[in-house]
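Residue-level listing of the chains:
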There are 2 protein chains.
Amino acid sequence: MPSPDDDAKLKMEDIAREAGVSIATVSRVFNRPGVVHPDTLARVKEIASRLRYTPNLTAGSLAGNRSRIIAAVIPTITNSIFSETIDGLSTVLTGRGYQLLLGQTSYRDDQQAALIETFLGRRVDGLVLTGITRDRKVRTRLKSARIPIVETWEFGANPIDMLVGFSNEKAGAAAADYLIGRGYARLGFIGGSDQRSGARLEGFCHAVAAAGIAPCRIVRIPSPSPSSVMAGSQAIAQLLHERPKPDAVFCSNDMIALGALVECQRRGLNVPRQLAVMGFSDLPIAKAVAPSLTTVQVGAMDIGSQAATMLLEKIEKGHIACKRVDLGFSIVARESA
Amino acid sequence: MPSPDDDAKLKMEDIAREAGVSIATVSRVFNRPGVVHPDTLARVKEIASRLRYTPNLTAGSLAGNRSRIIAAVIPTITNSIFSETIDGLSTVLTGRGYQLLLGQTSYRDDQQAALIETFLGRRVDGLVLTGITRDRKVRTRLKSARIPIVETWEFGANPIDMLVGFSNEKAGAAAADYLIGRGYARLGFIGGSDQRSGARLEGFCHAVAAAGIAPCRIVRIPSPSPSSVMAGSQAIAQLLHERPKPDAVFCSNDMIALGALVECQRRGLNVPRQLAVMGFSDLPIAKAVAPSLTTVQVGAMDIGSQAATMLLEKIEKGHIACKRVDLGFSIVARESA
DNA sequence: TTGAAAGCGCTACCAG
DNA sequence: CTGGTAGCGCTTTCAA
């Protein structure tokens, strides 16, 4: 009598023998059911499920030179904005029979390079990167890897392969323009020290300069930060010391903005009358707080689904019509600014 | 001259030939460097890195019957609390040369079963599950899979294999006792409809009953919910209609509590004087909001690191001293209750 | 529509 | 410490 854990050691050969067919046929049953005779198909399927057979995907990957694994490299999963992207990725991939291998860099370049190397060693079918990697060596390595790659969350000029995102610089500029258009004239900026926040800051400052108003006050928070909310509160406190006091502040993410909001509330400062606060990302919480948060919406989840879709198209069709997708962004005007 | 993408097709054989050793030795250089002669080691390493050779981990997995992949199954990555667990998992695993395969169930049992089947097919070295799976078939399947498994976020009686978490029921009871101890007597509960929230509710109600005060008012939010914060606001509005009005409410997660807080603020209700609000999880935001949120701290990240550590011990040593780890919880008293 | 057989690239055992 | 080599379980021609 077979022991209850025999299913773990079952192989195609066992199914083939039981069904009186070759292992090639069993393989086809799982991979191209369309080409096997209906009767054979039914019989093999029945036996496989009765014996609780699960094909060994590792062996399949090796033989087929195709892993059905996509790897994603993100700074940290703990940031809601990246979790949403992962959610989008994961949902599309799972739905199409692929799996997601996840790695965090903690904003460290050496970590990133190491992760990429491991994923390449795993022979993943595709790679999703957060942001544009500046590291020349990594870029070269990636290009010669000859696998579909999509860079996300930024929209630069020379992608390694594919690209889906938006221009952080333009988004920063749009935020400034929005605030200026609402009549604010002494603008502050609070942001992380990562590259994407830097781009937003750059766009923001350019727009401020272009409008001919005084240059903006800036506070940058080191990445990674234990708590963005707390950091936002502290940053706003710092900004409030400046003279003349800013009348509006743009935060490079919603959590920081939330911290700013809380700090204003704590100090009895009316938002937006005494200080306007604007966020970035449009997390679900942005519309739920009071005052609700004016923010820049960027479709974090869409970035993930789009990246997955492009990757799969390239993997399965061998090429892709459009390698660069600009998802854009939009200003969501609410109460805080 | 080799084309720049030749590295992708390089195999151990190429390195072996170049170094004048056997492929067995090359394999040892990567897996057990200690047993090869220092000179050989150096030479092989130099050649491998010069040629930009990356071992094919898939082939290694098949031959070695060991994938160095751990899979995690969570309801949704979008919930900060699970991202923290994933963060803990990922950090430990990466540090020890393992990779993380991630799958979301969206709180659906069929999805969960399908994911588990795929992961098993991938021959992962270990599996991390969120919560206790009630599905008998899945449990049986998992037991016969003979791989290390750790169930998390709950502390039940008959784990499939290993267990790390805390008792949601006791945590719920502790929350009730805390509120009762502070003098509140008309308690409300707002929670998700998942199993873990259910356990917290159960503990909460038992404690209320044990204290001999009126049974608590309950609002349950369907899972998954688009925005917990929003749902919290709506739920509190609903609770506020009850007569007599509750004087304290326990929310089964911090985001819901945050929504409650915001709604109170919106209605000009003083927290905690007119209504005490208590959360669950101790997200970073809990201590940053005003009033700061009294909550139950559960070490979501620790659950992840602990799960990874146990899995690796079992994988590498073949057995583990302690299969059940109760991480406990603690009440963090702040301003809101 | 099916079968036979040649690998996929590596690990691990055994000999030396 | 090193080499030879038999698989790991599957996919994929090629022929039948």
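The rules behind these values
- Residues numbered from 1 in each chain as written.
- Chains lettered and ligands numbered in written order.
- Predicted model: local features only at pLDDT ≥ 70, side-chain atom pairs only at ≥ 80, totals over all residues.
- Heavy atoms only, no water.
- Helix = DSSP H or I, 4+ residues; strand = E, 2+ residues; numbered from the N terminus.
- Rg over C-alpha atoms; globule rule 2.2 N^0.38 Å.
- Buried < 20%, exposed > 50% of the residue type's maximum accessible area, 1.4 Å probe, protein only.
- Lys, Arg positive; Asp, Glu negative; His and termini not counted.
- Charge placed at Lys NZ, Arg CZ, Asp CG, Glu CD.
- Contact = heavy atoms within 4.5 Å.
- Buried area = accessible area lost by both parts, 1.4 Å probe.
- Salt bridge = Lys/Arg side-chain N within 4 Å of Asp/Glu carboxyl O.
- Axes fitted to C-alpha atoms, helices over the stretch in contact; angles between N-to-C directions.
- Parallel < 35°, antiparallel > 145°, perpendicular 65-115°, else oblique.
- Nonpolar A, V, L, I, M, F, W, Y, C, P; charged D, E, K, R; others polar.
- Least-squares fit on C-alpha atoms with pLDDT ≥ 70 in both.
- Near = heavy atom within 4 Å.
- Polar contact = N/O pair within 3.5 Å; in protein donor to acceptor, adjacent residues only side chain to side chain.
- Left-handed = near helix turned anticlockwise from the far one by under 90°.
- Pairing = 2+ DSSP bridges.
- Phe/Tyr/Trp six-rings, centres within 6.5 Å; stacked < 30°, edge-to-face > 60°.
- Lys NZ or Arg CZ within 6 Å of the ring centre and 35° of its normal.
- Disulfide = S-S within 2.5 Å.
- Expected span 1.5 Å × (residues − 1).
- Arc of directions from axis to C-beta.

(A) Representation of the overall build of chain A in the model. Helix and strand content of chain A: 13 helices and 12 strands. Relative to a compact globule of 337 residues, whose C-alpha radius of gyration would be 20 Å, chain A shows 25 Å and is clearly more extended. When its C-alpha atoms are laid out on the principal axes, chain A stretches across 85 × 40 × 35 Å. Here chain A, with 337 residues, has 55% of them falling under the buried criterion. Once the 40 positive and 32 negative side-chain charges of chain A are each reduced to a mean point, those two points are 3 Å apart.

(B) Geometry of the interface of chain B and chain A. Across the contact, 56 residues belong to chain B and 57 residues belong to chain A. Carbon and sulfur atoms make up 55% of the area that chain B and chain A hide from each other, which totals about 5000 Å². Here chain B is connected to chain A by zero salt bridges. Secondary structure elements with two or more residues in the side of chain B that touches chain A: helix H4 (57–64), helix H5 (80–95), strand S2 (99–104), helix H6 (109–121), helix H7 (136–145), helix H10 (228–239), helix H11 (254–266) and helix H12 (284–288) of chain B.

(C) Geometry of the packing of helix H1 (residues 12–19) of chain B against helix H2 (residues 23–31) of chain B. Residues and elements named next belong to chain B. Packing of H1 against H2 brings their axes to within 8 Å, and their N-to-C directions diverge by 105°. Judged by the inter-axis angle, H1 sits roughly perpendicular to H2. Only Ile23, Val26, Ser27 and Phe30 of H2 make contact with H1, whose side of the interface consists of Met12, Glu13, Ile15 and Ala16. A breakdown of the residues in the contact of H1 with H2 according to their chemical character gives six nonpolar, one polar and one charged.

(D) The environment of B:Tyr184, seen in detail. All names here are of chain B. Structurally, the position occupied by tyrosine 184 is in the loop between helix H8 (168–181) and strand S6 (187–192). Residue classification places tyrosine 184 among the buried residues on the basis of a relative accessible area of 14%. Between the C-alpha atom of tyrosine 184 and that of alanine 276, which follows or precedes it by 92 residues, the distance is 8.2 Å. Sequence-distant contacts of tyrosine 184, defined by excluding residues within four places in its chain, comprise Leu179, Asp247, Ala248, Pro272, Ala276 and Ala337.

(E) Representation of the relation of the copies chain B and chain A in the model. Rotating chain B by 180° about the axis while translating it 0.0 Å along that axis superimposes it on chain A, leaving an RMSD of 0.1 Å. Interpreted geometrically, this transformation is the action of a two-fold axis. Proximity to the rotation axis, assessed at the C-alpha, singles out B:Leu101 in chain B; its C-alpha lies 2.2 Å from the axis. Looking at chain B, 100% of its interface residues are interface residues in chain A too, so the copies touch through the same face.

(F) Representation of the protein's contact with DNA strand C in the model. Taken together, 26 residues are adjacent to DNA strand C, and A:Thr25, A:Thr40, B:Met12, B:Ser27 and B:Tyr53 come closest. Atoms of DNA strand C within 4 Å of the protein: sugar and phosphate make up 67%, bases the balance. Note that a base nitrogen of DNA strand C is positioned 3.4 Å from one of the backbone N or O atoms of B:Ala59. For the surface near DNA strand C, the elements supplying multiple residues, two or more each, are helix H2 (23–31) and helix H4 (57–64) of chain A together with H2 and H4 of chain B. At five residues, the largest contribution of residues to the surface near DNA strand C is made by H2(B).

(G) Seen up close, the packing of helix H10 (residues 228–239) of chain A against helix H11 (residues 254–266) of chain A. Residues and elements named next belong to chain A. Interaxial distance between H10 and H11 falls to 6 Å at its minimum, and their mutual angle equals 55°. Overall, the two elements H10 and H11 adopt an arrangement that is oblique. For the pair H10 and H11, the sense of crossing is right-handed. Two secondary-structure elements touch here, H10 through Ser228, Val229, Gly232, Ser233 and Ile236 and H11 through Met255, Ile256, Leu258, Gly259, Ala260, Glu263 and Arg266. Class assignment of the residues belonging to the contact of H10 with H11 gives a composition of six nonpolar, four polar and two charged.

(H) Up close: the pairing of strand S5 (residues 162–165) of chain A. Residue and element names in this part refer to chain A. Of the two faces of S5, both are covered, the one formed by Met162 and Val164 as well as the one formed by Leu163 and Gly165. With three bridges connecting them, strand S4 (residues 149–152) and S5 associate as parallel partners. Bridging from a neighbouring strand, valine 150 pairs with methionine 162 of S5.

(I) Spotlight on the packing of aromatic side chains. Residues and elements named next belong to chain A. Using the criterion set out here, one finds 16 aromatic pairs over all chains in the structure. Ring geometry for phenylalanine 82 against tryptophan 153: centres 5.7 Å apart, planes inclined by 80°, an arrangement best described as edge-to-face. Here tryptophan 153 lies in the loop between S4 and S5 and phenylalanine 82 lies in helix H5 (residues 80–95), a separation of 71 residues in the sequence. The exposure class of phenylalanine 82 is buried, given its relative accessible area of 5%. Just above the ring of phenylalanine 280 sits the side chain of arginine 200; from NZ or CZ to the centre is 4.0 Å.

(J) A look at the sheet that holds strand S8 (residues 248–251) of chain B. All names here are of chain B. Overall, parallel pairing links the four strands, which are arranged S7-S6-S8-S9 in an open sheet. Two strands lie at the open edges of the sheet, namely strand S7 (217–221) and strand S9 (276–278), each paired on one side alone. Mean inter-strand twist for the sheet, computed between neighbouring axes without regard to direction, equals 15°. With four bridges joining them, S6 and S8 adopt parallel strand pairing. Within S8, the residue paired with phenylalanine 189 across the bridge is phenylalanine 250. Contacting S6, S8 and S9, H8 crosses the sheet at an angle of about 160° to S8. In this fold H11 packs onto S6, S7, S8 and S9, with an angle of close to 160° to the strand it touches most, S9.

(K) View of the state of the cysteines. Taken as a whole and assessed by the stated rule, the structure comprises zero disulfides over all chains. In this model A:Cys205 remains outside any disulfide bridge; the closest cysteine sulfur is found in A:Cys216, 3.5 Å from its own.

(L) Representation of helix H3 (residues 38–50) of chain B in the model. Residue and element names in this part refer to chain B. Helix length check: H3, at 13 residues, gives a terminal C-alpha distance of 18 Å against a target of 18 Å (1.5 Å per residue), a fit within 8%. Listed in full, the buried residues belonging to H3 are Thr40, Leu41, Val44, Ile47 and Ala48. Viewed end-on, H3 has its buried residues packed into an arc of 140°, placing them on one side of the element. More than 90 degrees from the buried face of H3, the exposed residues found are Pro38, Asp39 and Ser49. In this structure, the buried side of H3 is in contact with H1 and H2. With its phi angle positive at about 55°, arginine 52 sits one or two positions after the end of H3.

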